[in-house]
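These are the residues of each chain, in order.
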Amino acid sequence: MKKYLPLIIAGLLAVLPLIGLSSYWMHILILVIMWSVIGMAWNLLGGYCGQVSFGHAAFFGVGAYTAGILYNKLGVSAWWGLPLSIMVVTLFALVIGYICLRLKGPFFALGTLAMGVILRVMAENLTTITEGDLGIMIRERTWIEKTWYFYIILILAALAFFLVKKVIESKLGYYFVAIREDQDAAESLGINTTLYKTIALSLSAIITGLAGAFYTNYMGYIDPKIVFALHDISIVTIMVVMVGGVATFWGPFVGAVIMVFLAELIRTIPKLGAAHHTFFGILLIVIIIFLPNGIVGDLPKLKKLLRMGKAA
Amino acid sequence: MSMLEVKGVSRFFGGLAALTDISFGVEKGEILGLIGPNGAGKTTMFNVVNGFYPPSRGEVYFNQKKISGLKPHQICKMGVARTFQVVRPLQRMSVLDNVIASAFLRVKSRAQAEEIAFETIKFTGLYDDRDVISKGLPLGKRKKLEIARALATHPEMLLLDESFAGLNPTELDESIGIIRRIKERGITIMIIEHHMKVIMAISDRIVVLSYGQKLAEGTPHEIGNNPLVIEAYLGEAESA
Ligand SMILES: Nc1ncnc2c1ncn2[C@@H]1O[C@H](COP(=O)(O)OP(=O)(O)OP(=O)(O)O)[C@@H](O)[C@H]1O
Ligand SMILES: [Mg+2]
């Protein structure tokens, strides 16, 4: 039963559009699945390999701009951005990895944070390529309806899920976790830690970049402040995984559902503006204190709490 | 030629000479004991051989190939595995998973790695603890896990850093048995140990370090009667 859970869930999601959801709900669903993809990607590097990145917007943005620039400069469909982003993002990941992966722990986190900011500033200023703050608009939308966008991101999510699962259950996964637990011990047991950290980073970056390329096609408009955003992309990515459950297969999904709904809920509060970050901050603190392993990771603990609540 | 050749190795930490011009060899198939008072430089010697610290001067050869300057993972791949004095298991992994992670050095598939891991934990007496998360293991078993992890990389030479410290007498006997059986498998061993009776009993030869210098080298009998060694240890009183 447990073995087929991913298939069952994918199947259920696949028939959802058939029941005639409103455009708004389709949008919410698409966002949830997109954030699951980004969460799974971050989880591979941060959750399993222990390299906490504060700069995943870098990869999301590079993926998004690969699609956007293809369309804007070469006049080809932005959908080609998906396959092409794999190559472009890998290149960026190798450069960023070469610089940041020699740093450990919080220094790696700061290094990646800086990378995200540097790329945003570059996107703002290399106006001949990126159009700068004006952003890139995809004028010919592929579909007016949301159904096909939904299926495309669902397929991406399914691919990402099975890739992460395959990786984690193989030699790579053992090596990632060994590096997370003790890098020096891993190295002395014959694990080329630099190589395997680079692999984890590249895989994570590629999946994130694909989500970015999808975003360009789906939203039809990108600018540097949106796709390279520190708060709204890099930090939310971390929160999706932390809330859902670090180093668990389902954590990113649970986290994505909660974060997307929370963001929608907060949006309905009038005159809140940028103060919505405060809500995320408070949520993060609560999670770290009470459910340090996230909702999925602390499920046994949660169940116990609920049962106690009922008994009382 | 010895299997492992340490040639004129010095290692400085700032102004501190942790090792000064050390030379010795380890022969294939033997157990070489490395002893000396606290702070003598024994662990530093392991760190140099295993590649954590490149030597400030001198070279290390393994099977005629220069290994000083290589990274630890390369040296491990060539067949030198080590344990840590301060045990460092992969905390949130089970005992079995710890050993599987090491076993992947020589094989690709999970099934093969599991086979090696199961064989290794049976050999080291950890089979019944295979599903325990290693964070929760008592010290004696964590020391065994260190040995099991190193063995699962299928080394030609094993560096054991105080694998007996803190063990109770039963565990001590068990571990001595394990070391003897490792030797029977043809694996060469270099072992650091403070427990004099143990080191005298199991070593074929002994190298003595003191303040980063090589004080003596010889059979346990020769070392036991060496006035320099006796003096170094009397000065240290009961640290042993
Ligand atoms: N990374 C380091 N940085 C600075 N000094 C170090 C470092 N590693 C070891 N030392 C110093 O080198 C000397 C030798 O240390 P080492 O750990 O090799 O001794 P040891 O013989 O293993 O002692 P023990 O029996 O207590 O384990 C000590 O003075 C120690 O403080
Ligand atoms: Mg020591």
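That block above? That's the structure.
Residues numbered from 1 in each chain as written. Chains lettered and ligands numbered in written order. Predicted model: local features only at pLDDT ≥ 70, side-chain atom pairs only at ≥ 80, totals over all residues. Heavy atoms only, no water.

S.K.: Report on the pairing of strand β1 (residues 4-13) of chain B, specifying residues and quantitative values.
M.R.: Residues and elements named next belong to chain B. The element β1 is largely enclosed, with a buried count of seven among its 10 residues. As defined by bridge partners, β1 adjoins strand β2 (residues 16-26) across seven bridges and the pair is classed as antiparallel. The residue of β2 that forms the bridge with F13 is L16. Counting the residues that bridge the hairpin from β1 to β2 gives two residues, and of these G14 lies at a positive phi of roughly 60°. Examined bridge by bridge, β1 and strand β4 (residues 57-62) share five bridges and lie antiparallel to one another. If you follow E5 over to β4, its bridge partner there is Y61. (Buried < 20%, exposed > 50% of the residue type's maximum accessible area, 1.4 Å probe, protein only. Helix = DSSP H or I, 4+ residues; strand = E, 2+ residues; numbered from the N terminus. Pairing = 2+ DSSP bridges.)

S.K.: Hey, could you go over the nonpolar core for me, with residue numbers and the actual values?
M.R.: Core analysis: the largest hydrophobic core is formed by 111 residues, its most contacted members being M34(A), W35(A) and F214(A). Ranked by residues supplied to this core, first place goes to helix α2 (residues 23-48) of chain A with 16 residues. If near-sequence neighbours (up to four positions away) are discounted, M34(A) is found in contact with F60(A), I153(A), A211(A), F214(A) and Y215(A). Of all hydrophobic cores here, the second largest spans 28 residues; its members include L158(B), V198(B), V208(B) and Y233(B). (Core = buried A, V, L, I, M, F, W, Y, C linked by side-chain atoms within 4.5 Å. Contact = heavy atoms within 4.5 Å.)

S.K.: Please provide a residue-by-residue account of the interface of chain B and chain A, values included.
M.R.: With 25 residues of chain B in contact, the opposing surface of chain A contributes 18 residues. Summing the contributions of chain B and of chain A, the shared interface buries around 2,000 Å²; its carbon and sulfur component is 60%. Taken together, the links from chain B to chain A amount to three salt bridges. In this structure, R92(B) and E181(A) form a salt bridge, with 3.0 Å as the shortest nitrogen-oxygen distance. Linking chain B with chain A are 10 residue pairs in polar contact (both at pLDDT 80 or more). Within the residue set of the side of chain B that touches chain A, elements represented by two or more residues are α2 (72-78), α3 (95-103) and α5 (139-151) of chain B. Per-element tally for the side of chain B that touches chain A: the top contributor is α3(B), with four residues. (Buried area = accessible area lost by both parts, 1.4 Å probe. Salt bridge = Lys/Arg side-chain N within 4 Å of Asp/Glu carboxyl O. Polar contact = N/O pair within 3.5 Å; in protein donor to acceptor, adjacent residues only side chain to side chain.)

S.K.: How would you summarise the coordination of the magnesium ion (ligand 2) if you had to cite specific residues and measurements?
M.R.: Protein coordination at the magnesium ion (ligand 2) comes from T43(B) (OG1) and Q85(B) (OE1), with a distance range of 1.9 to 2.1 Å. Of this pair, T43(B) sits in helix α1 (residues 42-50) while Q85(B) sits in the loop between β6 (80-82) and α3, and the two are 42 residues apart along the sequence. (Donors = N, O, S within 2.8 Å, 3.2 Å for Na, K, Ca; no water.)

S.K.: Which residues make up the packing of aromatic side chains, and what values go with them?
M.R.: By the definition in use, this model includes 24 aromatic pairs over all chains. Summarising the aromatic geometry, the rings of Y175(A) and F104(B) are spaced 6.4 Å apart at their centres and angled 90° between planes, so their arrangement reads as edge-to-face. Residue Y175(A) is found in helix α8 (residues 171-181), and its partner F104(B) is found in the loop between α3 and α4 (110-123); the two belong to separate chains. The two residues Y175(A) and F104(B) agree in class, both being buried. Lying across the ring of F84(B), R88(B) places its NZ or CZ 4.9 Å from the centre. The positively charged end of R181(B) is found above the aromatic ring belonging to F123(B), 5.2 Å away from the centroid. (Phe/Tyr/Trp six-rings, centres within 6.5 Å; stacked < 30°, edge-to-face > 60°. Lys NZ or Arg CZ within 6 Å of the ring centre and 35° of its normal.)

S.K.: Requested: an account of the pattern of salt bridges, with residues and values cited.
M.R.: Across all of its chains, the model carries 20 salt bridges over all chains by this definition. E124(A) is paired through a salt bridge with R120(A); the nearest N and O atoms lie 3.2 Å apart. Here the residue E124(A) and the residue R120(A) both occupy positions in helix α5 (residues 106-125), the gap between them amounting to four residues, near one helical turn. With a relative accessible area of 15%, E124(A) lands in the buried category. Judged by relative accessible area, R120(A) falls into the partly exposed class, the value being 26%. One salt bridge in this structure joins E30(B) and R205(B), with 2.8 Å as the shortest N-O distance.

Shape descriptors only; they carry no functional weight alone.
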